[in-house]
Amino acid sequence: MSSLTALQPTYPINEQDSALKASPPGAEQYFLMVNSDQYCDRGTTVKNCTRVTWFLLLGLTEQAGLKGILFALFLFIYSVTLTGNLAMITLIHADPQLRTPMYFLLRILSFIDSSSCTLNTPRLLESFLTSSQSISFAGCVVQMALMTLHGTAECLLLAIMAYDRFAAIYHPLLHHTIMSQSLCVQLVATTYMASVANSALLTGYIFKPLYCGLNIINHYVYDVPLVLQIAYADIAKAEAIVFSSSALIILFTVTVILVSYAYILVTIFRMHSLRAQSKALSTCASHLAVICLFYGTITFTYAQPSSHSSMEQNKVVSVFYTVIISMLNPLIYSLRNKDVKPAPKRRCLDMLPS
């Protein structure tokens, strides 16, 4: 493959210039400018271009008038997210009535959400204070690995939670026997081991190609397709590995979720009492809402055709699955759950002197 065909992405010249203004002194030699499909350089040739040692993120928006408002908005969202998820973790741990398989898994989900939000939101907030952000090559690798780990863990955990709902409704008398504490711990441990393995595999293949010259990413996070696009090499193998791994995880988790809820719906329709049907549906409503939000935003993001307009749309949609969903999950589970809503009151009463 020739050097010109290996350089796949095309970025508008104004994006390159805005990133150059915010880059460290003397950084111009590391950039390749794109203009009318002709590749040129500043201070070096394509053949002898310098290996990338850091990347630049252009952020969510370049409109200076919106940055102050968005900073305040996402700072509020970040505060609500951390408060909600940490409160959920603390409440489930402290309340004996919430020590069930469902709430054990929900506590793990809250931990994943708070960790994922802490990984993404501070960088998003920083992008509103600067025109662009730089990060070292090693830092980009670490952040990509952690993002992949959290994303994989959440997919697998949602599938486990669907199986738990199936066990609770299809086998109500055997639910605590089937979903024992030891099994829940084993499932969570397996989830994290699989997530670490998948993260190591994908990160290794994503950063295996040579990155040379172009190092500007038109986003506020290190999205896998965008990072691969600026690789100075044939990325066919890396793309195949990323697609195969992602497809395998999504196919497995979606299959578990669909089969579990198929059995749940059949069981509910066989119930003779409307009250029993309503109670069974209410226990699944929160989980279904979280699943629809998570998979819906991811599907919308990665099913769109590549274009400049869709890129701007994908930035906005990415906010939902990297920031907003982490805030909504504890709200959904607390506001719609009859066990969680009275839990704070019980804790306050328990703390009062007898």
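Residues numbered from 1 in each chain as written. Predicted model: local features only at pLDDT ≥ 70, side-chain atom pairs only at ≥ 80, totals over all residues. Heavy atoms only, no water.

1. What to know about the overall build of the protein chain
Here comes step 1: Tallying secondary structure elements over the protein chain gives 12 helices and five strands in all.
Here comes step 2: Per-residue burial over the protein chain gives 48% buried out of 354 residues.
Here comes step 3: Partitioning the contacts of the protein chain with sequence separation of at least 6, the portion at a separation of at least 24 is 76%.
Here comes step 4: If you sum the accessible surface of the protein chain, you get close to 17400 Å²; carbon and sulfur atoms cover 67% of it. (Helix = DSSP H or I, 4+ residues; strand = E, 2+ residues; numbered from the N terminus. Buried < 20%, exposed > 50% of the residue type's maximum accessible area, 1.4 Å probe, protein only. Contact = heavy atoms within 4.5 Å. Areas by Shrake-Rupley, 256 points an atom, 1.4 Å probe, with all protein chains shown as cover.)

2. Brief notes about a nonpolar patch on the surface
Here comes step 1: The grouping of Tyr170, Val259 and Tyr263 at the surface amounts to a nonpolar patch, some 270 Å² of accessible area in total.
Here comes step 2: Inspection of the secondary structure assignment puts tyrosine 263 in helix 9 (residues 236–270). (Patch = residues over 30% accessible without salt bridge, like charges linked within 9 Å, V, L, I, M, F, W, Y side chains within 5 Å. Salt bridge = Lys/Arg side-chain N within 4 Å of Asp/Glu carboxyl O.)

3. Some details on the packing of helix 7 (residues 181–206) against helix 9
Here comes step 1: Between helix 7 and helix 9, the shortest axis-to-axis distance is 9 Å and the interhelical angle comes to 160 degrees. The pairing of helix 7 with helix 9 is recorded here as roughly antiparallel in orientation. As for how helix 7 packs across helix 9, the hand of that crossing is left-handed. Along the contact surface, helix 7 presents Asn198, Leu201, Leu202, Tyr205 and Ile206, while helix 9 presents Lys237, Ala238, Ile241, Val242, Ser245 and Ile249.
Here comes step 2: The residue makeup of the contact of helix 7 with helix 9, split by class, is eight nonpolar, two polar and one charged. (Axes fitted to C-alpha atoms, helices over the stretch in contact; angles between N-to-C directions. Parallel < 35°, antiparallel > 145°, perpendicular 65-115°, else oblique. Left-handed = near helix turned anticlockwise from the far one by under 90°. Nonpolar A, V, L, I, M, F, W, Y, C, P; charged D, E, K, R; others polar.)

4. Quick word on the pattern of salt bridges
Here comes step 1: Evaluated as defined, the whole model comprises one salt bridge.
Here comes step 2: For the salt bridge of aspartate 164 with arginine 165, the shortest nitrogen-to-oxygen distance reads 3.0 Å. Of the two residues, aspartate 164 and arginine 165, neither departs from the other in class, the shared state being buried.

5. Looking at the sheet that holds strand 3 (residues 54–57)
Here comes step 1: Pairing is mixed in the open sheet, where three strands are placed in the order 4-3-5. Only two strands of the sheet have a single neighbouring strand rather than two, namely strand 4 (133–136) and strand 5 (216–217).
Here comes step 2: Both strand 3 and strand 4 contribute to a ladder of four bridges, which runs antiparallel. Across the sheet, the residue bridging to phenylalanine 55 is isoleucine 135, located in strand 4. (Pairing = 2+ DSSP bridges.)

6. Description of the side chain of serine 116
Here comes step 1: Within the secondary structure, serine 116 is located in helix 4 (residues 101–129).
Here comes step 2: The class for serine 116 is buried, based on a relative accessible area of 11%.
Here comes step 3: Those residues in contact with serine 116, other than ones at most four positions away along the chain, are His150 and Thr322.

7. Quick word on the packing of aromatic side chains
Here comes step 1: Within this structure, the stated rule accounts for 11 aromatic pairs.
Here comes step 2: Centroid distance phenylalanine 74 to phenylalanine 128: 5.8 Å. Interplanar angle 25 degrees. Geometry classified as stacked. With a gap of 54 residues between them, phenylalanine 74 in helix 3 (residues 64–94) and phenylalanine 128 in helix 4 connect regions that are remote in the sequence.
Here comes step 3: Its relative accessible area of 5% is what places phenylalanine 74 among the buried residues.
Here comes step 4: With relative accessibility at 6%, the residue phenylalanine 128 sits in the buried group.
Here comes step 5: With centroids separated by 5.4 Å and ring planes inclined at 80 degrees, the aromatic side chains of phenylalanine 137 and phenylalanine 207 adopt a geometry described as edge-to-face. In this pair, phenylalanine 137 is assigned in helix 5 (residues 137–170) and phenylalanine 207 in the loop between helix 7 and strand 5, connecting sequence segments 70 residues apart.
Here comes step 6: For phenylalanine 207, a relative accessible area of 11% translates into the label buried.
Here comes step 7: Clustering of aromatic rings is evident, with ring pairs tying together Phe55, Phe137, Phe207 and Tyr211. (Phe/Tyr/Trp six-rings, centres within 6.5 Å; stacked < 30°, edge-to-face > 60°.)

8. Observations concerning the environment of isoleucine 325
Here comes step 1: As for its placement among the helices and strands, isoleucine 325 is situated in helix 11 (residues 308–335).
Here comes step 2: Look at isoleucine 325 and you get buried, because its relative accessible area is 3%.
Here comes step 3: Through-space distance from the C-alpha of isoleucine 325 to that of threonine 297 is 9.4 Å; in sequence the pair is 28 residues apart.
Here comes step 4: Contact partners of isoleucine 325, with chain neighbours within four places excluded, come to Glu154, Leu293, Phe294, Thr297 and Phe320.

9. Focus: the packing of helix 4 against helix 5
Here comes step 1: Packing of helix 4 against helix 5 brings their axes to within 10 Å, and their N-to-C directions diverge by 155 degrees. One finds that helix 4 runs roughly antiparallel with respect to helix 5. The interaxial crossing formed by helix 4 with helix 5 has left-handed handedness.
Here comes step 2: Across the contact of helix 4 with helix 5, the residue classes tally to 14 nonpolar, five polar and five charged.

10. Observations concerning the side chain of serine 110
Here comes step 1: Locating serine 110 in the fold gives a position in helix 4.
Here comes step 2: On the basis of relative accessible area, serine 110 is assigned to the buried category, the value being 2%.

11. Some words on helix 3
Here comes step 1: In this model helix 3 runs 45 Å from its N-terminal to its C-terminal C-alpha over 31 residues, within 8% of the 45 Å that 1.5 Å per residue would give.
Here comes step 2: The sharpest bend along helix 3 comes to roughly 25 degrees, located at leucine 70.
Here comes step 3: Considered for burial, the residues of helix 3 that qualify are Lys67, Leu70, Phe74, Ile77, Tyr78, Thr81, Asn85, Met88, Leu91 and Ile92. (Expected span 1.5 Å × (residues − 1). Bend = angle between axes of the 7 residues up to and from the residue.)

In short, shape yes, function no, at least from these values alone.
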